Amino acid sequence: MIDASEEVSSVRQPAARSAVQRLNDEIRDANLTYLMLAQQLIRADRSEALYRLGLSGEVADILDSLTTAQVLRVASSNMLLARFRFDDSMVWSLLASPKRDEAPSRMHAAILMASRTTTESV
């Protein structure tokens, strides 16, 4: 005789595993997209890539030198490789607060994010 809680548990496990597998697949897709975008930006305009992606010159050199096979291998990680720079509450408040003219707030947020990249990579 199967306990009702065991039956519910056995039903949830495949669903939870499937959700985890889907999440891992999405992380791998995001990693691959990020790495391909980063390489494309670095090769097109290195300075802009450093600014837009928040990369150091050393990391940009490494990304630029990766072969396709290496990109695929690195992207297959379950760890998200891209780093979002929205961990500063001031940047969030500048971008999220409603204002009549958003251009100065967005520019201020961009300056803050750019300066953080410069100070972090030095």
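Residues numbered from 1 in each chain as written. Predicted model: local features only at pLDDT ≥ 70, side-chain atom pairs only at ≥ 80, totals over all residues. Heavy atoms only, no water.

Attention shifts here to the overall build of the chain. Summing up its helical and strand segments, the chain has six helices and zero strands in all. Traced from its N-terminal end to its C-terminal end, the chain shows the element sequence α-α-α-α-α-α. Counting all 122 residues of the chain, 22% fall into the buried class. A separation threshold of at least 6 residues defines the contact pool for the chain, and within that pool the share at least 24 residues apart is 57%. With an accessible surface of roughly 8900 Å², the chain has 60% of that area assigned to carbon and sulfur atoms. (Helix = DSSP H or I, 4+ residues; strand = E, 2+ residues; numbered from the N terminus. Buried < 20%, exposed > 50% of the residue type's maximum accessible area, 1.4 Å probe, protein only. Contact = heavy atoms within 4.5 Å. Areas by Shrake-Rupley, 256 points an atom, 1.4 Å probe, with all protein chains shown as cover.)

Further remarks concern the layout of surface pockets. One way to see where empty space is left: roll a probe the size of a water molecule over the atoms. Within this model, the second largest pocket holds a volume of roughly 180 Å³. Taken together, ten residues make up the lining of the second largest pocket; nearest its centre are Tyr34, Arg52, Leu53, Arg83 and Phe84. Residues of the lining of the second largest pocket, tallied by class, amount to seven nonpolar, no polar and three charged. Two domains each provide a minimum of three residues to the lining of the second largest pocket, namely domain 1 (15-83) and domain 2 (85-121). (1 Å grid on protein atoms, 1.4 Å probe; cavity = no way out; pocket = protein on both sides within 12 Å on 5 of 7 lines; lining within 4 Å. Points joined across faces, edges and corners; volume = space filled by probe spheres on them. Nonpolar A, V, L, I, M, F, W, Y, C, P; charged D, E, K, R; others polar. Domains from an automatic or database assignment.)

Tyr34, Leu35, Ile42, Leu53, Leu55 and Leu63 are the most contacted members of the largest nonpolar core, which has 13 residues in total. Elements with a minimum of two residues in this core: helix 1 (4-44), helix 2 (46-53), helix 3 (57-65) and helix 4 (68-75). For this core, the element with the most residues is helix 1, which contributes four residues. In terms of nonpolar packing, the next biggest core, distinct from the first, is built from five residues, Val91, Leu94, Leu112 and Met113 among them. (Core = buried A, V, L, I, M, F, W, Y, C linked by side-chain atoms within 4.5 Å.)

With respect to the secondary-structure elements, Asn31 resides in helix 1. Overall, the relative accessible area of 1% leaves Asn31 in the buried class. With sequence-adjacent residues up to four places away left out, Asn31 is seen in contact with Ala75, Ser77, Met79, Leu80, Leu81 and Ala82.

Right, let's get into the side chain of Gln39. Relative to the elements of secondary structure, Gln39 occurs in helix 1. Note on Gln39: relative accessible area 10%, which makes it buried. Apart from the residues lying within four places of it in its own chain, the contact partners of Gln39 are Leu63, Asp64, Leu66 and Val71.

Moving on to the environment of Ser76. In this fold, Ser76 is placed in the loop between helix 4 and helix 5 (89-96). Given the relative accessible area of 39%, Ser76 is considered partly exposed.

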